[in-house]
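A look at the structure
These are the residues of each chain, in order.
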Amino acid sequence: MTKKFSKRGELNKQDWLNGLYLAILTGALTSIQQIASTDLTKVGWSTLATIAGAAITTGTAYLIKKLNEGTPTEIEVDPAVTKVTKVKR
């Protein structure tokens, strides 16, 4: 089994999808928290701005983290042994 990682300073498709996933998840969780702490009828633009801000911040932070990570480009993993067998740079 070979797993591919993005190089340092680059983002691959999986990184973008994970960033989008985190942004959506954060938006959903923040929405639930905001609605649970206030009355449903009092949800307005300021609440939506808070939710959007949290989602954008989380997604951006994840992408910045992935840009600064230094990972090998390919790692071969042997699932039977559960250890890394080969690292290509």
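A brief report on the enclosed structure follows. (Residues numbered from 1 in each chain as written. Predicted model: local features only at pLDDT ≥ 70, side-chain atom pairs only at ≥ 80, totals over all residues. Heavy atoms only, no water.)

We now examine the overall build of the chain. A count of helices and strands for the chain gives two helices and three strands. Shown N-terminal to C-terminal, the secondary structure of the chain runs as helices and strands in the order β-α-α-β-β. In the chain, 63% of the contacts between residues at least 6 apart in sequence involve partners at least 24 apart. When the accessible area of the chain is evaluated, it comes to approximately 6,500 Å², of which 63% is carbon and sulfur surface. (Helix = DSSP H or I, 4+ residues; strand = E, 2+ residues; numbered from the N terminus. Contact = heavy atoms within 4.5 Å. Areas by Shrake-Rupley, 256 points an atom, 1.4 Å probe, with all protein chains shown as cover.)

A word on the packing of helix α1 (residues 13-37) against helix α2 (residues 45-68). Running from amino to carboxyl end, α1 crosses α2 at an angle of 150°, the nearest separation of the two axes being 8 Å. Taken as axis vectors, α1 and α2 run roughly antiparallel relative to one another. Seen from above, α1 lies across α2 with right-handed handedness. Listed contacts from α2 to Asp15, Trp16, Asn18, Gly19, Leu22, Ala23, Thr26, Gly27, Thr30, Ser31 and Gln34 of α1 are Thr47, Thr50, Ile51, Ala54, Ala55, Thr58, Gly59, Tyr62, Leu63 and Lys66. Of the residues belonging to the contact of α1 with α2, the class tally is eight nonpolar, eleven polar and two charged. (Axes fitted to C-alpha atoms, helices over the stretch in contact; angles between N-to-C directions. Parallel < 35°, antiparallel > 145°, perpendicular 65-115°, else oblique. Left-handed = near helix turned anticlockwise from the far one by under 90°. Nonpolar A, V, L, I, M, F, W, Y, C, P; charged D, E, K, R; others polar.)

Further remarks concern α1. Over its 25 residues, α1 extends 36 Å from the first C-alpha to the last, a length consistent with the 36 Å expected when each residue adds 1.5 Å. Along α1, the residues classified as buried are Asp15, Gly19, Ala23, Thr26, Gly27, Thr30 and Gln34. On its buried face, α1 sits against α2. (Expected span 1.5 Å × (residues − 1). Buried < 20%, exposed > 50% of the residue type's maximum accessible area, 1.4 Å probe, protein only.)

Under the 1.5 Å per step criterion, the end-to-end length of α2 is 34 Å for 24 residues, consistent within 8% with the ideal 34 Å. Those residues of α2 lying buried are Thr47, Ile51, Ala55, Gly59, Tyr62, Leu63 and Lys66. Of the surrounding elements, those touching the buried residues of α2 are α1.

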